[in-house]
Amino acid sequence: MPAHIPTNNRPPFDPLLAQIADYVCDFKITSDEAFNTARYCLMDTLGCGLLALKYPACTKLLGPIVPGTVVPNGARVPGTNYVLDPVAAAFNIGTLIRWLDFNDTWLAAEWGHPSDNLGAILAVADFISRSRRRKEADKNPESRTQNPESNPPPHVGGYTVRDVLTAMIKAHEIQGILALENGFNRVGLDHVLLVRIASTAVATQLLGGTREQIMNAVSNAWLDGGALRTYRHTPNTGSRKSWAAGDATARAVQHALMAIKGELGYPTALSAKTWGFSDVLFRGQPIKLARPFSSYVMENVLFKISFPAEFHAQTAVEAAFKLHQKYFSERGCVEDQPQQTRVTGSAAAGLHHSRAPLKTLDQIERVEIHTHESAIRIIDKAGPLHNPADRDHCLQYMTAIGLIFGELTADHYEDAVAADPRIDALRAKMVVQEDKRYSREYLEPDKRAIANAVQIFFKDGSATEKVEVDYPVGHRRRRAQGIPLLVKKFQANAETCFPQQRVGKILALVEDVKKLEQMAAHEFVELFIT
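Conventions adopted
- Residues numbered from 1 in each chain as written.
- Predicted model: local features only at pLDDT ≥ 70, side-chain atom pairs only at ≥ 80, totals over all residues.
- Heavy atoms only, no water.
- Helix = DSSP H or I, 4+ residues; strand = E, 2+ residues; numbered from the N terminus.
- Rg over C-alpha atoms; globule rule 2.2 N^0.38 Å.
- Contact = heavy atoms within 4.5 Å.
- Expected span 1.5 Å × (residues − 1).
- Buried < 20%, exposed > 50% of the residue type's maximum accessible area, 1.4 Å probe, protein only.
- Polar contact = N/O pair within 3.5 Å; in protein donor to acceptor, adjacent residues only side chain to side chain.
- Salt bridge = Lys/Arg side-chain N within 4 Å of Asp/Glu carboxyl O.
- Axes fitted to C-alpha atoms, helices over the stretch in contact; angles between N-to-C directions.
- Parallel < 35°, antiparallel > 145°, perpendicular 65-115°, else oblique.
- Left-handed = near helix turned anticlockwise from the far one by under 90°.
- Patch = residues over 30% accessible without salt bridge, like charges linked within 9 Å, V, L, I, M, F, W, Y side chains within 5 Å.
- Areas by Shrake-Rupley, 256 points an atom, 1.4 Å probe, with all protein chains shown as cover.
- Core = buried A, V, L, I, M, F, W, Y, C linked by side-chain atoms within 4.5 Å.
- Disulfide = S-S within 2.5 Å.
- Phe/Tyr/Trp six-rings, centres within 6.5 Å; stacked < 30°, edge-to-face > 60°.
- Pairing = 2+ DSSP bridges.

Draft legend 1. The overall build of the protein chain, seen in detail. Tallying secondary structure elements over the protein chain gives 23 helices and nine strands in all. For 530 residues, the compact-globule estimate of 2.2 N^0.38 gives 24 Å, and the C-alpha radius of gyration of the protein chain, at 24 Å, lies within 12% of that figure. Taking the principal axes of its C-alpha atoms as reference, the protein chain extends roughly 80 × 80 × 45 Å. Considering only contacts in the protein chain between residues 6 or more positions apart, those separated by 24 or more positions represent 77%.

Draft legend 2. Region of interest: helix α4 (residues 86-98). Taking 1.5 Å of rise per residue, the 13 residues of α4 would be expected to cover 18 Å, and the 18 Å separating its terminal C-alpha atoms lies within 8% of that figure. Counting buried residues along α4, twelve of its 13 residues qualify, which places the element largely inside the surrounding structure. Of the residues making up α4, those classed as buried are P86, A88, A89, A90, F91, N92, I93, G94, T95, L96, I97 and R98. Close packing links the buried residues of α4 with α2 (32-52), α3 (56-59), β1 (75-76), β2 (83-84), α5 (118-138) and α10 (240-260). Between the side-chain oxygen of the N-cap and the backbone nitrogen of V87 there are 2.9 Å, and the N-cap of α4 in question is D85.

Draft legend 3. Up close: the pattern of salt bridges. Taken as a whole, this structure holds 33 salt bridges when the rule is applied. Across the pair D44 and K489 runs a salt bridge whose closest N-O atoms are separated by 2.8 Å. Taken together, the residues D44 in helix α2 and K489 in helix α20 (residues 479-494) connect sequence positions 445 residues apart. D44 gets classed as buried once you look at its relative accessible area, which sits at 1%. The closest approach of N and O atoms between K304 and D101, which form a salt bridge, is 2.4 Å. Here D101 lies in the loop between α4 and β3 (106-107) and K304 lies in the loop between α12 (296-300) and α13 (314-327), a separation of 203 residues in the sequence.

Draft legend 4. The packing of helix α7 (residues 161-181) against helix α8 (residues 192-206), seen in detail. Axis separation between α7 and α8 bottoms out at 9 Å; the angle between their running directions is 150°. Between α7 and α8, the angle is such that the two are roughly antiparallel. Crossing hand, α7 versus α8: right-handed. Across the interface between the two elements, A167, K170, A171, I174, Q175, L178 and A179 of α7 pack against L194, V195, I197, A198, A201, V202 and L206 of α8.

Draft legend 5. Spatial organisation of unusual backbone geometry. For the bond running from T234 to P235, omega is 5°, close enough to zero to count as cis. Within the element layout of this structure, P235 appears in the loop between α9 (211-223) and α10. With a phi close to 50°, R448 is a non-glycine residue in the positive phi region. In this structure, R448 sits in the loop between α19 (436-443) and β8 (452-458).

Draft legend 6. Spatial organisation of the side chain of R39. Inspection of the secondary structure puts R39 in helix α2. Of note is the side chain of R39, whose polar atom sits 2.7 Å from the backbone oxygen of V510. In this view, R39 contacts L165, V510, E511, V513 and L516; residues no more than four positions away in its chain are not counted.

Draft legend 7. A nonpolar patch on the surface, seen in detail. Side chains of L223, L264 and Y266 sit close together on the surface and give an oily, nonpolar patch of about 280 Å² of accessible area. Residue position: L223 is located in helix α9.

Draft legend 8. Highlighting the environment of G208. Here G208 lies in the loop between α8 and α9. For G208, a relative accessible area of 49% gives the class partly exposed. Considering only alpha carbons, one finds G208 and T7, 201 residues apart in sequence, at a separation of 34 Å. Among residues more than four places away in sequence, those in contact with G208 are Q213 and I260.

Draft legend 9. Region of the structure containing the nonpolar core. Ranked by internal contacts, the top residues of the largest apolar core, which has 109 residues, are I174, W222 and F524. Apart from residues no more than four positions distant in its own chain, W222 is found in contact with L16, L17, L178, F184, L193, L194, I197, L270, F277 and I287. With 46 residues, the next largest nonpolar core counts I364, V367, I404 and I423 among its residues.

Draft legend 10. Inspection of the state of the cysteines at higher detail. Overall, the coordinates contain zero disulfides when judged by the stated rule. Here C497 is not disulfide-linked; the sulfur of C58 is the nearest cysteine sulfur, at 12 Å. The class for C497 is partly exposed, based on a relative accessible area of 26%.

Draft legend 11. Just helix α1 (residues 15-26), in detail. With twelve residues, α1 extends 16 Å between its outermost C-alpha atoms, agreeing within 8% with the 16 Å of an ideal straight helix rising 1.5 Å per residue. For α1, the set of buried residues is L16, L17, A18, I20, A21, Y23 and V24. Looking at the buried residues of α1, the elements they touch are α7, α8 and α9.

Draft legend 12. Main features of the environment of R39. Here R39 falls in the buried class, since its relative accessible area comes to 5%. Linking R39 and V164, residues 125 residues apart in sequence, is a C-alpha distance of 9.6 Å.

Draft legend 13. View of the packing of aromatic side chains. Under the criterion given, the structure shown has 13 aromatic pairs. With a centroid separation of 5.0 Å and 35° between ring planes, the pair formed by F184 and F282 is classed as tilted. Taken together, the residues span a long stretch of sequence, with F184 in the loop between α7 and α8 and F282 in the loop between α11 (277-281) and α12 at a distance of 98 residues. As far as burial versus exposure is concerned, F184 and F282 are alike and both buried. Between Y327 and F458, the ring centres sit 6.4 Å apart and the planes meet at 45°, which makes this aromatic pair tilted. Taken as a pair, Y327 in helix α13 and F458 in strand β8 lie far apart in primary sequence, 131 residues in all. Neither residue differs from the other here; Y327 and F458 are each classed as buried.

Draft legend 14. A look at the pairing of β8. Most of β8 sits out of view: seven of its seven residues are buried. Sheet topology note: the strand β6 (residues 364-371)/β8 ladder contains six bridges and is antiparallel. Across the sheet, E368 pairs through a bridge with Q455, a residue of β8. The sheet contact formed by β8 and strand β9 (residues 466-469) spans three bridges and is antiparallel. Counted as the bridge partner of V454 is V467 from β9.

The following block contains the structure:
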């Protein structure tokens, strides 16, 4: 007889699965700051998606899986005329959002972009709103024929934008809190794992799922394991990193739809000995919950405002802009430094008020970049860069663009700009080193700094000041400075797709909180349809 015969008693759900379901079902969001931030996050995220429509590498992936497919009451894809089932719509929207690496960011033990979850949220909310409204209308077809404009009201049976914002806050929270102390990257797993978990939870709730159905769906999402980070790192960096979140949101909606149909869950998907997520993929470590779920993540989320750059490089590029303006630009004296920029060295006193003699790039001997440990692990690269996805995850490339051009746009990652020989010549002169303080303050809860510093040394023995930026403009500490710039960012992005008048109408709606939050979800989406 074997010494131990496993019992087959069905255990209760892992505590984390229950906590996620309880939060999604029962927690009431009361934070005005969270809703206010979510409102701007919704605006910004859609703007990032609209800008991505300029790039054929992205748009070739969009549309129905089978061309010509017609979906009654299907979800719409902003910036297009596609009408899709919610799984395909989630992929389309999620891919647009993430394509340019320009939407929001969350940095902790695990990294990620919580607004990726909007792919699932918007697809489901739009689909449900259209379907339920049609169902309500079909109950009284005679009245609809007599008065099609007033029956039924747009929000009847569906969701409002307030519901969308609530789902965003909760998805942000699930992804972000799980990221605080669980470094999935340490075992080679990609952060889109957390997009799938968060999107599955909120999508199941939006579809009308019960607490048990949410646990069933989320347990299946964990059982999927995780995508490998291979596509984000040298020498394999490629465009999958731009559609991986869309893939995660589509899978999440699929799990949610299956759970609503009664598909089983797996109670110890995380903790099962030998076969559970922790033992198989997380070196036997439990998944930790660093703090209770509330609205912390949305309140503290990081916006990418000034340029599309991997977030660990944002402050390096900002520092590079300042050095470009002072030493390499012919457009006059540098403007006042932003609030969170500091300079050190003998030239610091004159940075605000005087103009240094102009330099040329060939006078540079080396460029020192002082950064934090996470940046070194993710975006410190030497050697050839093979595609836009490779370039927007290279600290040296992004810093070089800032020093040479004094600006950074998505177009700077394309082949036409990358062919400029000055870029690789300058990259070859760069030295990247860790600053232990930066690494420490990156993880401190009361700071969450993302610091970088850049200093240039010239062949004649002279040097610039060391320009140090601790907090990017999208940080919570710079929110007052950042929100007006975020609005300008949306305006510029949206105007690549829509006329100014239409963009102005959307912006006016975003600023009218009551009107926006009461608007039916599908009516809001209609504002973004071509």
